[in-house]
Amino acid sequence: MTGRRVLIEVSPRAEQQVHELPDVLRVRVRLALLDLLDDPLPLAKGAIPFRAGGDEIPDAYEWDIGGVTIFYNLVETGPLLIQIIVQVILVDAL
């Protein structure tokens, strides 16, 4: 994905969820979002396709970053632009 620009959009719901996180987890989420700018599909870091009802949802991914899971969509909006839309941020059960 070299040479492509990445645009990250955080939904209002996800932004509120990030705001409500403890400081340590909030920093972890923001660092993960920065990682997505370099690698929109970090499979090596644990991102997996999102499944609902046993079916894989196209272009939807979940990424467990240790204590928090980020759910996002990846949309190729052109040959040189990838848009990431962060839908939900969930704190993992302890």
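Residues numbered from 1 in each chain as written. Predicted model: local features only at pLDDT ≥ 70, side-chain atom pairs only at ≥ 80, totals over all residues. Heavy atoms only, no water.

The end-to-end C-alpha distance of helix α2 (residues 23-38) is 23 Å, a good match for the 22 Å that 16 residues give at a rise of 1.5 Å each. Inspection of α2 places L25, V29, A32, L33 and L36 among the buried residues, and these make up the whole buried set. Buried residues of α2, viewed axially, fall in a sector of 100 degrees; they line one side. Seen from the buried face of α2, the exposed residues on the opposite side, beyond 90 degrees, are D23, V24 and D38. In this fold, the buried residues of α2 make contact with β1 (5-10), α1 (12-19), β3 (55-64), β4 (68-78) and β5 (81-91). (Helix = DSSP H or I, 4+ residues; strand = E, 2+ residues; numbered from the N terminus. Expected span 1.5 Å × (residues − 1). Buried < 20%, exposed > 50% of the residue type's maximum accessible area, 1.4 Å probe, protein only. Arc of directions from axis to C-beta. Contact = heavy atoms within 4.5 Å.)

Within the largest apolar cluster, 21 residues are counted, with the highest numbers of intra-cluster contacts made by V29, I70, Y72, V86 and I89. Of all elements in the fold, only α1, α2, β3, β4 and β5 reach the threshold of two or more residues within this core. Per element, the largest residue contribution to this core is five residues, and it comes from α2. Ignoring any residue separated from it by four or fewer positions in sequence, one finds V86 in contact with I8, E9, V10, S11, A14, L33, I70, F71 and Y72. (Core = buried A, V, L, I, M, F, W, Y, C linked by side-chain atoms within 4.5 Å.)

Taken as a whole and assessed by the stated rule, the structure comprises two aromatic pairs. Arranged with centres 5.6 Å apart and planes meeting at 90 degrees, the rings of F50 and F71 form a pair that is edge-to-face. Of the two residues, F50 is situated in strand β2 (residues 48-52) and F71 in strand β4; the sequence distance between them amounts to 21 residues. (Phe/Tyr/Trp six-rings, centres within 6.5 Å; stacked < 30°, edge-to-face > 60°.)

It is worth stressing that arrangement in space is one thing and function is another; only the former is reported here.
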